[in-house]
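As a plain string of letters, each chain reads:
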Amino acid sequence: MIQLYNVFKTYDGNIPALVDISLLIKEQSFVFVTGASGAGKSTLLKLLFGWERFDSGQILVKGMNVGKIKKEKLYLLRRHIGVVFQDYKLLPNKTVFENVAFAMEAIGASSRSMRYKTSDALKSVGLFKKRDSNPMQLSGGEQQRVAIARALVNNPAILLADEPTGNLDPDISLEILKLFEMANQQGMTVVFATHNHELVRHANYPFIILDKGNVVRP
Ligand SMILES: Nc1ncnc2c1ncn2[C@@H]1O[C@H](COP(=O)(O)OP(=O)(O)O)[C@@H](O)[C@H]1O
Ligand SMILES: [Mg+2]
């Protein structure tokens, strides 16, 4: 469960990025966050995993009071959350396999469980055959699949996606959407930020519309 109560966020000296946001995202649900560029979608996601701090209000994620978590304890929050970005953020000097395994190293997994779970995650996105490739040799859609495998490998309760199809063609975007739907069917809560209305219309999930930092109520 993700809960926001009267959350405000303004970046230094700027117009507000989020204004009085109150939301409830149920466990195991799939929700889109939509709105024009600059509406506050990325900021909303960044607050949920403690990447940015907010000014006032309260955010609860898996029972944790995000605003109260000290910097050195943020890993306790983040181990429940996988994040996928528009630009993939893969390490160019590591193989596909190493990119995914790296996310497990970070949480101190044993090497046996790392090999096993990394293989599993790569199979689930259909890229096990390319495990020894350099990510830079893959197409954009394949690179995003690697990034999704990396987000899935620790089996997080929550998957946050920030414009994951922003650099991809429409047909590839739908394939990427399917992977998030698959994760959701396996029980993960998915929060999918996109300004792509086609995608939102294509799938029949609830959506949160942001406009200049405000939630638009229908
Ligand atoms: N790091 C930052 N520093 C200052 N302003 C920012 C920063 N990130 C976002 N903003 C501003 O916050 C608002 C919301 O941005 P953002 O959350 O990125 O929107 P979206 O993801 O919907 O495009 C915009 O006005 C943007 O310019
Ligand atoms: Mg954004």
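About the cut-offs
- Residues numbered from 1 in each chain as written.
- Chains lettered and ligands numbered in written order.
- Predicted model: local features only at pLDDT ≥ 70, side-chain atom pairs only at ≥ 80, totals over all residues.
- Heavy atoms only, no water.
- Core = buried A, V, L, I, M, F, W, Y, C linked by side-chain atoms within 4.5 Å.
- Buried < 20%, exposed > 50% of the residue type's maximum accessible area, 1.4 Å probe, protein only.
- Helix = DSSP H or I, 4+ residues; strand = E, 2+ residues; numbered from the N terminus.
- Salt bridge = Lys/Arg side-chain N within 4 Å of Asp/Glu carboxyl O.
- Pairing = 2+ DSSP bridges.

K.L.:
Just to check I follow, could you spell out the nonpolar core for this structure?
P.N.:
One recurring pattern in soluble globular proteins: nonpolar side chains tend to sit buried together. Ranked by size, the top nonpolar core spans 39 residues in total, and within it Phe-30, Phe-32, Ile-148, Leu-159, Phe-180 and Phe-192 carry the most contacts. Those elements giving two or more residues to this core turn out to be β3 (30-34), α3 (96-105), α4 (111-124), α5 (140-152), β7 (158-162), α6 (170-185), β8 (189-193) and α7 (197-202). One finds Ile-25, Val-31, Leu-210 and Val-215 within the second-largest nonpolar core, a separate group that totals 32 residues.

K.L.:
What am I meant to see in the pattern of salt bridges here?
P.N.:
Pairing between side chains of opposite charge can happen when the charged atoms of each approach one another. Summed over all chains, the structure comprises seven salt bridges. Across the salt bridge formed by Glu-142 and Lys-130, the nearest N and O atoms sit 3.1 Å from each other. One end of the pair, Glu-142, is in helix α5; the other, Lys-130, is in the loop between α4 and α5, and 12 residues separate them in sequence. Lys-212 serves as the salt-bridge partner of Asp-211, at 3.9 Å between the closest nitrogen and oxygen. Among the residues examined, Lys-212 registers a relative accessible area of 63% and is labelled exposed.

K.L.:
Could you clarify how one ought to interpret the pairing of strand β9 (residues 207-211) in this entry?
P.N.:
Regular strands show a simple pattern: their side chains alternate between the two faces of the sheet. Where burial is concerned, the two faces of β9 differ: the one with Ile-208 and Leu-210 is buried and the one with Phe-207, Ile-209 and Asp-211 is not. Looking at chain direction, β3 and β9 are connected through three bridges and run parallel. For Phe-32, the partnering residue across the bridge sits in β9 and is Phe-207. The pairing of β9 with strand β10 (residues 214-216) spans three bridges and is classified as antiparallel. Paired with Leu-210 across the two strands is Val-215, which belongs to β10.

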